[in-house]
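Here is what each chain is made of, one letter per residue.
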Amino acid sequence: MSTIDTAPPDSTALQIPLARNASIDGMDAYRALVTEANQDYEAFWARLAREHLAWHRPFTKVLNDTDAPFYHWFEDGELNASYNCLDRNLINGLAEKTAIVFESDDGKLTHVTYQALYHRVCRLANALRARGVKKGDRVVIYMPMSVEGVVAMLACARIGAPHSVVFGGFSAKSLHERIVDIGACAVITADEQVRAGKTLPLKTIVDEALAMGGAAGIKTVAIYRRTGGQIPWINERDKWLHELEAAQPDTCEPEWVGAEHPLFVLYTSGSTGTPKGVQHSTGGYLLWAAATMKWTFDIKPEDVFWCTADIGWITGHTYICYGPTAVGATQVIFEGVPTYPNAGRFWEMIQRHKVSIFYTAPTAIRSLIKSADANHAVHPDSFDLSSLRLLGTVGEPINPSAWTWYARHVGGGRCPVLDTFWQTETGGHMISPLPGVTPLVPGSCTLPMPGIDAAIVDETGEEVPNGNGGVLVIRKPWPSMIRTIWGNPERFRQGYFPGELGGKLYLAGDGAIRDRDTGYFTITGRIDDVLNVSGHRLGTMEIESALAAHPLVAEAAVVGRPDETAGEAIVAFVVLKAERPSGADAKRVADELRAWVGKEIGPIAKPKDIRFGDAMPKTRSGKVVRRLLRSVAKGEVISQDTSTVENPAVISQFADAA
Ligand code: WTA
């Protein structure tokens, strides 16, 4: 494990006090855990797995690394995730505790107790079984933010059917790709989704996706009636969720599964190829969801937790569906968007629900800063946010000015800000401040979680000295790590444990640097062709393929450009089959291409800028010169050596957006 120098960092403008009586209380307690993990790694994880989870059959083996990097954790143990998230809370006397306070787009509130959540999950689990869904069968969930979304996930977990949640903003085509890749037998969706007063016809999109072929395995489409809007209907296959539930008993024997049984597969973007299905386990994943709720969020019985992510992303899996319920917490779930009916919505909701722990994305903070500056009525200072005790961020680097604003105006200078670094593949937090432990530095995710052996290495896999940048790796396997890529184990091995680094280090795909004195980590951004737009992960290749599929397009290249609000903006360089368009013509084609990408992938993938040229700048061997395109995208004066570029004259054509 890396040696951690714990000297306090340079004084920051804000002196935020550490949380008192935190679950890891003080730097010595943190160091003791790090030492425990160093001394006997397996015993450390075994202790945590016994403390944080209820096992139906206790495990006797901890880590099996004979087939590395396909690691197995607690493999002879048996458990059920929904039992841990529901039944266990009832046994512990939390039946009448509120599990979820749901706030709809238009402000209606629904309170769901653990008892009620348990019955709903059991009914739906029974219904899925009655429709023939068995252990190991895959179910796709394409749902709005809702109580029903969480019920659907936990119902799948109850019967051992791995779920694959697809973000409601993805297009029919993206949904289709995922349904086919995973070989699903059922889809759970809603008639419509409501956000910012507008509806999106989810069920119609499901029908479009299923009509694209290759999905004959889908025997059931279960539909949550959210709006009652008109939807197409196919008898036998389509069923209302409430009717399915109503016909079933409200208890359901859980399917006990081995710890390695896949709990879910979540698709995410890589630098090449189609999105990959990141497969997570039941035991190791749930252990870390529960442990990090206690360690990072210091969750206490009286807390009101609110994570603003969508269940379509990993943050929504770990810190909405599984983590909060595994520890019996009360949480807020929100259907809408931060700017509707106005940009004070988040602050108003924190005030209304007396939220004590708030977890959101830097991109949301940055856009709300702008609105608050423009209108004091939506400024956090105009609300009573005194219930807050901890703040968190996730998804992208947070710039120190946004961090400081968040700490000062939302956290009132008293709430630690937890900049949590992690990924779809890691299952839960990897590097993060702990509220009772870590002196904070804006923009730094500080120190690894106990048990997580993070390091920064050079391109040969050698650790670099503090102060030198390099690539972030995790040197030891950990329980909540990705198990494989669904249907593509070789892609998993080569992508995450590349031979160039020796084949044993988990490559996160991010650059990072450690502070010379404190050893604190700062993430400097992706080292591959993955973009991070408003915290959403997108592959440049995916967007390029979508553009290239348009009949007018001959060639396309996509890069990221730093963006004040979104973190990164998508810039597309396009060569048409016909002549390079100009003026109003260029605008028209650009709009058409944007709409096309929206339909091919989803609105989040629409390029911000589209630029046209006669040809792509390439080397003599035919490679697109991306570094040059990145500079062009930023509007930099090209001072780089362009002598290796075959056709340097085209570069200036790309300087302006259509
Ligand atoms: C980025 C989201 C800086 C990073 C949980 C990572 C971050 C990718 C942080 C994973 C952070 C996430 N600071 N960068 N605190 N958290 N990232 O899979 O580039 O959607 O590799 O998981 O987001 O995105 P993903």
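Residues numbered from 1 in each chain as written. Predicted model: local features only at pLDDT ≥ 70, side-chain atom pairs only at ≥ 80, totals over all residues. Heavy atoms only, no water.

- The name given to the protein in an unreviewed UniProt entry is Acetyl-coenzyme A synthetase, with the source organism recorded as Paraburkholderia aromaticivorans.
- Its UniProt record gives the protein a comment under Catalytic activity (unreviewed entry), which states: "acetate + ATP + CoA = acetyl-CoA + AMP + diphosphate". (UniProt positions renumbered as here; feature names shortened; annotations may be inferred.)

## So, the UniProt feature "binding site: Mg(2+)" (unreviewed entry) in the protein
Here is step 1: Taken from the UniProt record, the annotation "binding site: Mg(2+)" (unreviewed entry) applies to His550 and Val553.
Here is step 2: Mapped onto the elements of the fold, histidine 550 is located in the loop between helix H15 (540-548) and strand E28 (553-563).
Here is step 3: Since its relative accessible area comes to 4%, histidine 550 is described here as buried.
Here is step 4: Setting aside chain neighbours within four positions, we find histidine 550 in contact with Glu592, Leu593 and Trp596.
Here is step 5: One can find valine 553 in strand E28. (Helix = DSSP H or I, 4+ residues; strand = E, 2+ residues; numbered from the N terminus. Buried < 20%, exposed > 50% of the residue type's maximum accessible area, 1.4 Å probe, protein only. Contact = heavy atoms within 4.5 Å.)

## Things to note about the site of the ligand
Here is step 1: Inspection of the region around the ligand gives 17 residues, with Asp419, Thr424, Asp510, Arg526 and Arg537 positioned closest.
Here is step 2: Measuring from an oxygen atom of the ligand, one finds a side-chain N or O atom of aspartate 510 at 2.4 Å.
Here is step 3: In this structure, an oxygen atom belonging to the ligand sits 2.8 Å away from a side-chain N or O atom of arginine 526.
Here is step 4: Here the ligand has 520 Å² of accessible area as a free molecule, and 95% of this is covered by the chains.
Here is step 5: Mapped onto the shell around the ligand, the elements with two or more residues apiece are helix H10 (314-326), strand E20 (417-420) and strand E25 (521-526).
Here is step 6: Class assignment of the residues belonging to the shell around the ligand gives a composition of six nonpolar, six polar and five charged. (Near = heavy atom within 4 Å. Polar contact = N/O pair within 3.5 Å; in protein donor to acceptor, adjacent residues only side chain to side chain. Areas by Shrake-Rupley, 256 points an atom, 1.4 Å probe, with all protein chains shown as cover. Nonpolar A, V, L, I, M, F, W, Y, C, P; charged D, E, K, R; others polar.)

## Here we look at the nonpolar core
Here is step 1: Residues Trp45, Phe74, Ile188, Tyr322, Ile543 and Val574 are the most contacted members of the largest nonpolar core, which totals 175 residues.
Here is step 2: Both domains that meet at this core, namely domain 1 (27-336 + 421-454 + 494-506) and domain 2 (534-654), each give it at least three residues.
Here is step 3: Setting aside anything within four residues of it in sequence, one finds valine 574 in contact with Leu547, Val553, Glu555, Ala556, Leu593, Ile610, Arg611, Phe612, Gly613 and Phe654.
Here is step 4: Of all hydrophobic cores here, the second largest spans 33 residues; its members include Val355, Leu368, Ala402 and Trp405. (Core = buried A, V, L, I, M, F, W, Y, C linked by side-chain atoms within 4.5 Å. Domains from an automatic or database assignment.)

## Some thoughts on the domain arrangement of the protein
Here is step 1: Parsing the protein into structural domains produces domain 1 (27-336 + 421-454 + 494-506) and domain 2 (534-654).
Here is step 2: On the domain 2 side, the residues contacting the 19 residues of domain 1 number 13 residues.
Here is step 3: Taking both sides of the interface into account, the surface hidden between domain 1 and domain 2 amounts to around 1,100 Å²; carbon and sulfur atoms contribute 45%.
Here is step 4: The largest per-residue losses of area from domain 1 upon contact with domain 2 belong to Lys173, Ser269 and Trp313, which jointly make up 34% of the total buried on that side.
Here is step 5: For the interface between domain 1 and domain 2, the tally reads two salt bridges.
Here is step 6: Here domain 1 and domain 2 share 10 residue pairs in polar contact (both at pLDDT 80 or more) between them. (Buried area = accessible area lost by both parts, 1.4 Å probe. Salt bridge = Lys/Arg side-chain N within 4 Å of Asp/Glu carboxyl O.)

## What about unusual backbone geometry?
Backbone phi values are negative for most residues with the exception of glycine, while trans is the configuration of most peptide bonds.
Here is step 1: For the bond from alanine 68 to proline 69, the omega torsion is 5 degrees, close enough to zero to count as cis.
Here is step 2: Positive phi values are uncommon outside glycine, yet alanine 196 reaches one of about 50 degrees.
Here is step 3: Along the chain, alanine 196 turns up in the loop between strand E9 (193-195) and strand E10 (198-200).
Here is step 4: Its relative accessible area of 24% is what places alanine 196 among the partly exposed residues.
Here is step 5: Despite not being glycine, lysine 354 shows a phi value in the positive range, around 50 degrees.

## Comments concerning helix H2 (residues 41-52)
Residues spaced three or four apart along an α-helix face the same direction, because each turn holds 3.6 residues.
Here is step 1: A rise of 1.5 Å per residue sets the reference length of H2, with its 12 residues, at 16 Å; its end C-alpha atoms lie 17 Å apart and thus fit the reference within 8%.
Here is step 2: Those residues of H2 that sit buried are Tyr41, Phe44, Trp45, Ala46, Leu48, Ala49 and His52.
Here is step 3: Tucked into the core, H2 has its buried residues touching helix H1 (27-39), strand E2 (72-73), helix H3 (81-91) and helix H9 (283-295). (Expected span 1.5 Å × (residues − 1).)

## What about the pairing of strand E15 (residues 276-281)?
On a regular strand, one side chain projects to one face of the sheet and the next to the other, so that they alternate.
Here is step 1: Within E15, six of the six residues are buried, leaving the element largely enclosed by the surrounding structure.
Here is step 2: Burial of E15 is two-sided: the residues Lys276, Val278 and His280 facing one way and the residues Gly277, Gln279 and Ser281 facing the other way are all buried.
Here is step 3: Taken together, the six bridges between strand E14 (residues 262-268) and E15 define a ladder with antiparallel strand orientation. In the strand pairing of E15, proline 262 is matched with serine 281. (Pairing = 2+ DSSP bridges.)

## Re the UniProt feature "domain: AMP-dependent synthetase/ligase" (unreviewed entry) in the protein
Here is step 1: UniProt's feature table lists "domain: AMP-dependent synthetase/ligase" (unreviewed entry) at residues 95-478, given in the numbering used throughout.
Here is step 2: Counted over residues 95-478, helix gives 30% and strand 22%. Its end C-alpha atoms are 33 Å apart.

## Considerations on the packing of H3 against helix H4 (residues 114-130)
Here is step 1: Two numbers describe how H3 lies on H4: the axes approach to 9 Å, and their chain directions differ by 135 degrees. In terms of their interaxial angle, H3 and H4 are classed as oblique. The element H3 and its partner H4 pack so that their crossing is left-handed. Each of Cys85, Leu86, Asp87, Asn89 and Leu90 in H3 lies in contact with H4, whose residues at this interface are Tyr114, Gln115, Leu117, Tyr118 and Val121. (Axes fitted to C-alpha atoms, helices over the stretch in contact; angles between N-to-C directions. Parallel < 35°, antiparallel > 145°, perpendicular 65-115°, else oblique. Left-handed = near helix turned anticlockwise from the far one by under 90°.)

## As for the side chain of asparagine 126
Here is step 1: As for its position among the elements, asparagine 126 is in helix H4.
Here is step 2: In contact with asparagine 126, other than residues within four places in its own chain, are Gln248, Pro249, Thr251 and Cys252.

## Overview of the pattern of salt bridges
Here is step 1: Here the structure, examined in full by the defined rule, presents 41 salt bridges.
Here is step 2: Lysine 61 is the partner of glutamate 75 in a salt bridge, and the nearest nitrogen-oxygen pair spans 3.6 Å. Taken as a pair, glutamate 75 in the loop between E2 and strand E3 (78-79) and lysine 61 in the loop between H2 and strand E1 (63-64) lie far apart in primary sequence, 14 residues in all.
Here is step 3: Glutamate 75 gets classed as partly exposed once you look at its relative accessible area, which sits at 25%.
Here is step 4: Its relative accessible area of 44% is what places lysine 61 among the partly exposed residues.
Here is step 5: Of the charged contacts, one joins glutamate 255 and arginine 129 as a salt bridge, the two residues approaching to 3.6 Å between their closest N and O atoms. In this pair, glutamate 255 sits in the loop between helix H8 (241-246) and strand E13 (257-258) while arginine 129 sits in helix H4, placing the two residues 126 residues apart along the sequence.
Here is step 6: Taking the relative accessible area as the measure of exposure, arginine 129 reaches 30% and is therefore partly exposed.
Here is step 7: Ionic contacts of the salt-bridge type, sharing partners, join the residues Glu103, Arg345, Glu348 and Arg352 into one network.

## Here's the deal with the sheet that holds E25
Here is step 1: Sheet architecture is open: four strands sit in the order E21-E22-E24-E25, paired in antiparallel fashion. Each edge of the sheet is formed by a strand with only one pairing partner; in this case those strands are strand E21 (454-457) and E25. Each adjacent strand pair in this sheet contributes to an overall mean axis angle of 45 degrees, direction not counted.
Here is step 2: Here strand E22 (residues 469-474) pairs with strand E24 (residues 506-514) via five bridges, running antiparallel. Note that in E24 the partner of glycine 470 across the bridge is alanine 512.

## Quick word on the sheet that holds strand E29 (residues 567-576)
Here is step 1: Overall, mixed pairing links the three strands, which are arranged E28-E29-E30 in an open sheet. In the strand order of this sheet, the two ends are held by E28 and strand E30 (609-612), each with one partner. The mean inter-strand angle of the sheet, taken between neighbouring strand axes irrespective of direction, is 25 degrees.
Here is step 2: Packed on one face of the sheet, helix H16 (residues 583-600) meets E28, E29 and E30 and runs near 125 degrees to E30.
Here is step 3: The strands touched by helix H17 (residues 626-634) within the sheet are E28, E29 and E30, with E28 carrying the most contacts at an inclination of about 60 degrees.

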